[in-house]
Amino acid sequence: MTLDADNIDVARGQARVLHRVSLSIRPGSVVGLLGANGAGKSTLLAALAGELRPDAGRILLDGEDARGVPARRQARRRAVLPQKPSLTFDLGVRDVVSMGAYPFPELSADTVDALIDGALDQAGVAHLADRRYPELSGGEQQRVQFARVLTQCRAAARDGAPPYLLLDEPISSLDPKHQIELLRTTWTLAHQDGLGVLVIVHDINLAACWCDRLVLLADGAVAAEGVPSTVLTPALLRAVYDLDADVLPHPRQAGKLLVLTRE
């Protein structure tokens, strides 16, 4: 079982955004998607999420062309957290989190409540359960939205097949503590619960610590893919980010890397 982008092209008007991009998300691992602004990261995630159709190539969901998979069945296999979730209704936090259970109408109310409680706790926002969503800070809203996709994943896991979780810059509005907690949770979901995770991250060091594989995008194409030690090299960082950097063994985490940028 995999979620794949198979040699896809995406254009917006006359601009080519992605060109012959292939990527595979496997259960039990976290893939970090990195690249400079405008490299095509969010477009690639949107294609994998079914939000846009590639102009060429295919998106494959467990080996099946996603264009032929009904929307509800896709939602039962794949949860998506956009970069800026849009929600303008005055809903309570539990109402927002409960949206993750919408693709599973067969679940009883008690089961949904239990899934919500577990997701709120796992996302570290149980203390916000009785608040109104619009009253929360941006970071708190982001964590509540994370609980929503966790509810969807927890419900999907009941079908017996680990789902896929796609996260577009989920830590962009979080403080350092909650950035690490969210990434630790995604790592646990992959390694203990078998989810396949794709996460867009701008912090190279956090990606190096919490992702099993990294994909570097540059100008809409894959510049490198592999484990962090093969992808995070001074030469590749220069090519992708136009950035001079030193890559060193992490002083406190065995087997991890530390990237230090130079002016």
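Residues numbered from 1 in each chain as written. Predicted model: local features only at pLDDT ≥ 70, side-chain atom pairs only at ≥ 80, totals over all residues. Heavy atoms only, no water.

A few words now on the overall build of the protein chain. Scanning the protein chain from terminus to terminus reveals nine helices and 12 strands. Its C-alpha atoms give the protein chain a radius of gyration of 18 Å, near enough to 18 Å, the size a compact globule of 263 residues would have. Viewed in the frame of its principal axes, the protein chain has a C-alpha envelope of about 55 × 45 × 35 Å. Within the protein chain, buried positions represent 50% of all 263 residues. Across the protein chain, every contact between residues at least 6 apart in sequence was considered, and the portion connecting residues at least 24 apart equals 66%. (Helix = DSSP H or I, 4+ residues; strand = E, 2+ residues; numbered from the N terminus. Rg over C-alpha atoms; globule rule 2.2 N^0.38 Å. Buried < 20%, exposed > 50% of the residue type's maximum accessible area, 1.4 Å probe, protein only. Contact = heavy atoms within 4.5 Å.)

What follows deals with the environment of Ala-39. Within the secondary structure layout, Ala-39 lies in the loop between strand E3 (29-35) and helix H1 (41-48). Measuring from C-alpha to C-alpha, the distance between Ala-39 and Arg-26 comes to 23 Å, with 13 residues separating the pair along the chain. Beyond its immediate sequence surroundings of up to four residues, Ala-39 is in contact with Val-17, Leu-217, Ala-218, Asp-219 and Gly-220.

What follows is about the environment of Leu-23. Within the fold, Leu-23 resides in strand E2 (residues 15-25). Judged by relative accessible area, Leu-23 falls into the buried class, the value being 4%. C-alpha of Leu-23 to C-alpha of Glu-225: the two residues are 202 residues apart in sequence and 8.8 Å apart in space. The residues contacting Leu-23, other than those within four sequence positions of it, are Leu-3, Asp-4, Ala-5, Leu-33, Leu-44, Leu-48, Leu-198 and Val-215.

With that settled, consider the sheet that holds strand E4 (residues 56-61). Within a beta sheet, neighbouring strands are joined by backbone hydrogen bonds and run either parallel or antiparallel to one another. With respect to topology, four strands assemble into an open sheet ordered E2-E1-E4-E5, the strand pairing being antiparallel. The open sheet is flanked by E2 and strand E5 (64-65), the only strands paired with a single partner. Pairing between strand E1 (residues 3-12) and E4: five bridges, direction antiparallel. Opposite Leu-3, over in E4, you have Leu-61 as the bridge partner. The strands that H1 touches are E1, E2 and E4; relative to E1, the one it contacts most, it runs at about 125°. (Pairing = 2+ DSSP bridges. Axes fitted to C-alpha atoms, helices over the stretch in contact; angles between N-to-C directions.)

Here we take up the sheet that holds strand E7 (residues 164-168). Taken in spatial order, the six strands line up as E6-E7-E8-E3-E9-E10 in an open sheet, and their pairing is mixed. Only two strands of the sheet have a single neighbouring strand rather than two, namely strand E6 (78-81) and strand E10 (221-226). Pairs of neighbouring strands in the sheet enclose a mean axial angle of 15°, with direction left out of account. Across five bridges, E3 lies against strand E8 (residues 196-200) in parallel orientation. Bridging across to E8, Val-31 finds its partner in Leu-198. On the sheet, helix H6 (residues 176-193) packs against E3, E7 and E8 and is oriented at approximately 135° with respect to E3.

The nonpolar side chains of a soluble globular protein tend to be buried with one another. Membership of the largest hydrophobic core comes to 59 residues, with the highest contact counts inside it found for Val-97, Leu-120, Val-144, Phe-146, Leu-165 and Leu-232. Per-element tally for this core: the top contributor is helix H5 (residues 138-157), with eight residues. When we break this core down by domain, the ones giving at least three residues each are domain 1 (1-77 + 161-228) and domain 2 (89-160). Setting aside residues up to four positions removed in sequence, Phe-146 forms contacts with Leu-81, Ala-123, Leu-167, Leu-182, Thr-185 and Thr-186. Formed by 30 residues, the second largest nonpolar core is a distinct cluster that contains Leu-33, Leu-52, Ile-59 and Val-69. (Core = buried A, V, L, I, M, F, W, Y, C linked by side-chain atoms within 4.5 Å. Domains from an automatic or database assignment.)

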